[in-house]
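Per-entry structural report
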Amino acid sequence: MTDPRTGGCQCGAVRYALSGPIPPAYACHCGECKKQSASAFSLSVPLTYDALTVTGTPRYFETVAYSGKRKYNYFCGDCGTRLWHSESNPPTAITLKVGTLDRSSDIKPVGHLWVSKKQAGITLDPASDQHQTQPDDVVAWRNNLGQI
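Below, the structure is looked at part by part. The numbers attached to residues start from 1 for each chain and follow its sequence in the written order. Local features in this predicted model are restricted to residues whose pLDDT is 70 or higher, and side-chain atom pairs enter the listing and the counts only when it is 80 or higher, whereas totals over whole chains, interfaces and linings include all residues. For the side-chain quantities, the full set of heavy atoms in the structure was used; hydrogens and water were omitted.

In this section: the overall build of the protein. Helix and strand assignments come from DSSP, with helices taken as H or I runs of at least 4 residues and strands as E runs of at least 2, each series counted from the N terminus. The number of helices and strands found in the protein is two helices and eleven strands. Starting at the N terminus and ending at the C terminus, the protein contains elements arranged as β-β-β-α-β-β-β-β-β-β-β-β-α. Taken over C-alpha atoms, the radius of gyration is set against a globule rule of 2.2 Å times the number of residues to the power 0.38. Computed over its C-alpha atoms, the radius of gyration of the protein comes to 15 Å, within 12% of the 15 Å expected for a compact globule of 148 residues. Over its C-alpha atoms, taken along the principal directions, the protein stretches across nearly 40 × 30 × 30 Å. Throughout this description, buried means an accessible area under 20% of the type-specific maximum (1.4 Å probe, protein chains only), exposed means over 50%, and partly exposed covers the range between. Taking all 148 residues of the protein together, the buried fraction comes to 43%. Counting contacts in the protein only where the partners sit at least 6 residues apart, residues at least 24 apart contribute 49% of the total. Here the Shrake-Rupley method, with its probe set to 1.4 Å, supplies the accessible areas, and only the displayed protein chains count as covering residues. As displayed, the protein has an accessible area near 7,900 Å², and 51% of this comes from carbon and sulfur atoms. Distance between charge centroids for the protein: 7 Å, based on 15 positive and 12 negative side chains. Residue contacts are defined here by distance: any two heavy atoms, one from each residue, within 4.5 Å place the two residues in contact. As used throughout, the charge tally considers Lys and Arg to be positive and Asp and Glu to be negative, leaving His and the chain termini uncounted. For the purpose of locating charges, the reference atoms are NZ of Lys, CZ of Arg, CG of Asp and CD of Glu.

This paragraph deals with the sheet that holds strand β1 (residues 5–8). Sheet architecture is open: three strands sit in the order β1-β2-β5, paired in antiparallel fashion. Of all strands in the sheet, those bounded by a partner on one side alone are β1 and β5 (52–55). Across the sheet, the axes of successive neighbouring strands diverge by a mean angle of 20 degrees, strand direction being ignored. The criterion for strand pairing is that DSSP finds at least two bridges linking the strands in question. Pairing of strand β2 (residues 15–18) with β5 involves four bridges; the strand directions are antiparallel. Considered in β5, the bridge of R15 is made with T55. Lines fitted to C-alpha atoms define the axes, with helix axes restricted to the stretch in contact, and inter-axis angles between N-to-C directions lie between 0 and 180 degrees.

Here we take up the sheet that holds strand β11 (residues 129–130). On the basis of which strands lie adjacent, the open sheet formed by eight strands has the order β6-β7-β8-β9-β4-β3-β10-β11 and mixed pairing. The open sheet has two free edges, formed respectively by β6 (59–64) and β11, since each of these has just one partner strand. Here strand β3 (residues 25–28) runs beside strand β10 (residues 109–113); their pairing, made up of four bridges, is parallel. Looking at β10, one finds that Y26 is bridged to G111.

We now examine unusual backbone geometry. Most peptide bonds are trans, and most residues other than glycine sit at a negative phi. A cis amide bond links N89 with the next residue in sequence, P90, at an omega value of 10 degrees. Considering the arrangement of structural elements, one finds P90 in the loop between β8 (82–86) and β9 (93–97). Non-glycine residue W114 carries a positive phi angle of around 55 degrees. You can call W114 buried: its relative accessible area is 10%.

Below, the structure written as structure tokens:
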């Protein structure tokens with residue numbers, strides 16, 4: 001898909017426009033992602049923050065990822081919708097939450113992380129790249145999804 005793509009939080013206080021094509025998506029089935037999405041997994045695309053034009057002021061909180069790295073979790077301060085994650089503040093490289101796009105029905109994950117934690121009843125495409133946990137260099141894996 002090509003630009004422009006738009007998205008934002010549930011209440012509309014934070015909106016964004018995405019420039020450029022949307023990279024391949026991946027799903028993470030770990031417990032943290034299930035909790036943050038309030039669903040069976042979290043669907044994300046890796047981007048650079050400068051690919052977004054943001055209106056409104058997202059808030060963030062800091063957590064420590066499985067890798068031990070700090071993770072900044074950006075969300076709408078009014079409705080709480082999780083928008084993207086970054087390893088830096090201010091954000092540079094981000095993982096945008098696909099569910100925040102206004103139109104996302106055509107986005108299918110080509111990879112899956114933490115399949116060992118997958119919710120019962122969820123069936124994965126056998127052609128997708130699947131990892132029981134995650135690759136040693138998950139950033140490189142995310143950035144190469146289109147070539148898998």
